[in-house]
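So the chains spell out like this:
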Amino acid sequence: MNRRINAFKFLGTDALDKPCTVKASANKLSGNAVQNWIFIRFLPLILYDVIDASDEVWDLVLTLKLIVQLVVSPFLNFLQLSCLKGYIEQYLHGRKELFPNDPLIPK
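Visitor: Residue-level account of a nonpolar patch on the surface, with values.
Guide: Nonpolar side chains collect at one region of the surface, where Val-34, Trp-37, Val-71 and Val-72 lie side by side and expose about 320 Å² of accessible area between them. Among the structural elements, Val-72 can be located in the loop between helix H4 (56–71) and helix H5 (78–98). What makes Val-72 partly exposed here is its relative accessible area of 40%.

Quick look at the structure:
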């Protein structure tokens, strides 16, 4: 993963806030909010050839990516807001099912 992050060609402002490497022993991503936003945006491109698209955890990651994408949008219409609500419910349910021993810390 870290080799792929370091080898990925981030361009423009994304290159200024390149994501931090992932520590195997850590329970969360390091870095600031912008670095983590860039990480979630580009993760499918970084790992495209090694991901099992049917994996439930990967599906959860993609749902989180959709949530972040909508949350950082400059404008949301009513349909997008409704989708956001559904994605959040889907994410919370999936996270509880897949990681029942890891408490969700609301921020």
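Visitor: Got a sec to walk through the nonpolar core? Specific residues and values, please.
Guide: If you look at the biggest cluster of nonpolar residues, it comprises nine residues: Ile-5, Phe-10, Ile-38, Phe-39, Phe-42, Leu-43, Ile-46, Leu-47 and Trp-58. Once you skip the residues sitting within four places of it in the chain, Leu-43 turns out to touch Met-1, Trp-58 and Val-61. Among the nonpolar cores identified, the runner-up in size contains five residues, and Leu-60, Ile-67, Leu-70 and Leu-84 belong to it.

Visitor: I'd like a rundown of the layout of surface pockets, residues and numbers included.
Guide: A water-sized probe rolled over the atoms picks out the places where empty space is left. Space inside the largest pocket adds up to approximately 1700 Å³. Elements with a contribution of two residues or more to the lining of the largest pocket: helix H3 (33–46), H4 and H5. With eight residues, H4 is the largest single contributor of residues to the lining of the largest pocket. Residues of the lining of the largest pocket, tallied by class, amount to 25 nonpolar, four polar and five charged.

Visitor: Give me the packing of H4 against H5: which residues, what numbers.
Guide: Running from N to C, H4 and H5 point in directions that differ by 150 degrees, and their axes come no closer than 9 Å. Here H4 runs over H5; the crossing is left-handed. Across the interface between the two elements, Glu-56, Val-57, Asp-59, Leu-60, Thr-63, Leu-64, Leu-66, Ile-67, Leu-70 and Val-71 from H4 touch Gln-80, Leu-84, Tyr-87, Ile-88, Gln-90, Tyr-91, Gly-94, Arg-95 and Leu-98 from H5. Looking at the contact of H4 with H5 residue by residue, the class counts come to 12 nonpolar, four polar and three charged.

Reading the values: the criteria
- Residues numbered from 1 in each chain as written.
- Predicted model: local features only at pLDDT ≥ 70, side-chain atom pairs only at ≥ 80, totals over all residues.
- Heavy atoms only, no water.
- Patch = residues over 30% accessible without salt bridge, like charges linked within 9 Å, V, L, I, M, F, W, Y side chains within 5 Å.
- Areas by Shrake-Rupley, 256 points an atom, 1.4 Å probe, with all protein chains shown as cover.
- Salt bridge = Lys/Arg side-chain N within 4 Å of Asp/Glu carboxyl O.
- Helix = DSSP H or I, 4+ residues; strand = E, 2+ residues; numbered from the N terminus.
- Buried < 20%, exposed > 50% of the residue type's maximum accessible area, 1.4 Å probe, protein only.
- Core = buried A, V, L, I, M, F, W, Y, C linked by side-chain atoms within 4.5 Å.
- Contact = heavy atoms within 4.5 Å.
- 1 Å grid on protein atoms, 1.4 Å probe; cavity = no way out; pocket = protein on both sides within 12 Å on 5 of 7 lines; lining within 4 Å.
- Points joined across faces, edges and corners; volume = space filled by probe spheres on them.
- Nonpolar A, V, L, I, M, F, W, Y, C, P; charged D, E, K, R; others polar.
- Axes fitted to C-alpha atoms, helices over the stretch in contact; angles between N-to-C directions.
- Left-handed = near helix turned anticlockwise from the far one by under 90°.

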